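Topology and contacts: notes
These are the residues of each chain, in order.
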Amino acid sequence: MTSALTGFWVARPRNRSGWKRLIGVKLRAGLTRVLFDIHRSSGAVLFVLLMLATVTGSTLVYVNYAREIVGLFSEVAPFPTIPWRDTTPDDWPSLERVMEEVRSRYVSHQIDEIHLPSKPTAGYLFYLRQPGDVHRRGDTIVWVHTASGEILFERSSRNRTAGETVMHWLYPLHSGTAFGDAGKVAMFVTGIAMLLMFPTGLWIWWRKRRAQRFEETRRDRTHGTAHELGIAK
């Protein structure tokens, strides 16, 4: 994020005509100029995607902090607690029966992933997918009671709060799946672009540093020669 912001600030045009030269590579120029044009043009074209990738990636890594920040503006409910049912394990429905119940309730969906209960008081967690969903595991989540097979909770576009919708979209935006195959290719190119931005930026910095040192040496020699000539006079 820092590289994208500072790079955009340095490369921003100072006048209207500069916007036309922001994107483009002069292939007939020297190597340093070609690398500079590639560096500047790539950063300008991919600036928005670079910002999107870094912001969403950061929130996915620090998801608990992101949830708290989003929760300041809109409620983000935690996963629900499964209520206890006083039934013996022998009376609990099988997983196959629970799956059939979910399929009968969500006919247009496919079961993408099932999280088994981590303890007797926990429930099944189903991720359901249907055509057009943006999340890789589907946009619908349902919780099913282990002991009764009852579908207790659903979280989908029908009942998500604005904050929960923001959290749900983080991964699809970060991976590009929110925009289909074109989005995935764009985010892939954005990731590869960083491998191009750093070496070209380092090369440009080294060349400028080298030119600066050369200019300082030349200036010192010129000043020294003029001083010697003054003494001779």
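Attention here is on the structure that accompanies the text.

Conventions used here
Residues numbered from 1 in each chain as written. Predicted model: local features only at pLDDT ≥ 70, side-chain atom pairs only at ≥ 80, totals over all residues. Heavy atoms only, no water. Helix = DSSP H or I, 4+ residues; strand = E, 2+ residues; numbered from the N terminus. Rg over C-alpha atoms; globule rule 2.2 N^0.38 Å. Contact = heavy atoms within 4.5 Å. Areas by Shrake-Rupley, 256 points an atom, 1.4 Å probe, with all protein chains shown as cover. Buried < 20%, exposed > 50% of the residue type's maximum accessible area, 1.4 Å probe, protein only. Pairing = 2+ DSSP bridges. Core = buried A, V, L, I, M, F, W, Y, C linked by side-chain atoms within 4.5 Å. Salt bridge = Lys/Arg side-chain N within 4 Å of Asp/Glu carboxyl O. Axes fitted to C-alpha atoms, helices over the stretch in contact; angles between N-to-C directions. Parallel < 35°, antiparallel > 145°, perpendicular 65-115°, else oblique. Left-handed = near helix turned anticlockwise from the far one by under 90°. Nonpolar A, V, L, I, M, F, W, Y, C, P; charged D, E, K, R; others polar.

Let us look at the overall build of the protein chain. Per the secondary structure count, the protein chain includes 7 helices and 4 strands. When the helices and strands of the protein chain are placed in sequence order, the string is α-α-α-α-α-β-β-β-β-α-α. In terms of overall dimensions, the protein chain is more spread out than a globule: its C-alpha atoms have a radius of gyration of 29 Å, far above the 17 Å expected for 233 residues. Across the protein chain, contacts joining residues at least 24 apart in sequence account for 52% of those joining residues at least 6 apart. Counting only carbon and sulfur atoms, one obtains 61% of the accessible surface of the protein chain, whose full area is about 15,900 Å².

Once that is clear, we can look at the pairing of strand S2 (residues 124–129). Counting buried residues along S2, 5 of its 6 residues qualify, which places the element largely inside the surrounding structure. Here strand S1 (residues 110–115) pairs with S2 via 5 bridges, running antiparallel. By the bridge assignment, Ile 111 is partnered in S2 with Leu 128. Summarising the sheet, S2 and strand S3 (residues 140–144) pair through 5 bridges and their orientation is antiparallel. Looking at S3, one finds that Phe 126 is bridged to Val 142.

The biggest cluster of nonpolar side chains holds 10 residues, and these are Val 98, Met 99, Val 102, Tyr 106, Tyr 124, Phe 126, Leu 128, Val 142, Val 144 and Ile 151. Mapped by element, the contributors of at least two residues to this core are helix H5 (95–105), S2 and S3. In terms of nonpolar packing, the next biggest core, distinct from the first, is built from 6 residues, Ala 4, Phe 47, Leu 50 and Ala 193 among them.

Looking now at the pattern of salt bridges. All chains considered together, the criterion is met by 5 salt bridges. A salt bridge links Arg 103 to Glu 100; its shortest N-O distance comes to 3.3 Å. Within this pair, Arg 103 and its partner Glu 100 are both found in helix H5, separated by 3 residues, close to a single helical turn. Notably, a salt bridge pairs Asp 181 with Lys 184, separated by 3.4 Å at the nearest N-O pair.

A separate point is the packing of helix H3 (residues 47–61) against helix H6 (residues 162–175). Packing of H3 against H6 leaves a shortest axis separation of 9 Å and a crossing angle of 135°. Judged by the angle between their axes, H3 and H6 are oblique. Pair H3 / H6 crosses with left-handed handedness. Facing H3, whose interface residues are Leu 52, Ala 53, Thr 56, Gly 57, Thr 59 and Leu 60, H6 presents Leu 170, Tyr 171, Leu 173 and His 174. Of the residues in the contact of H3 with H6, the class split is 6 nonpolar, 4 polar and no charged.

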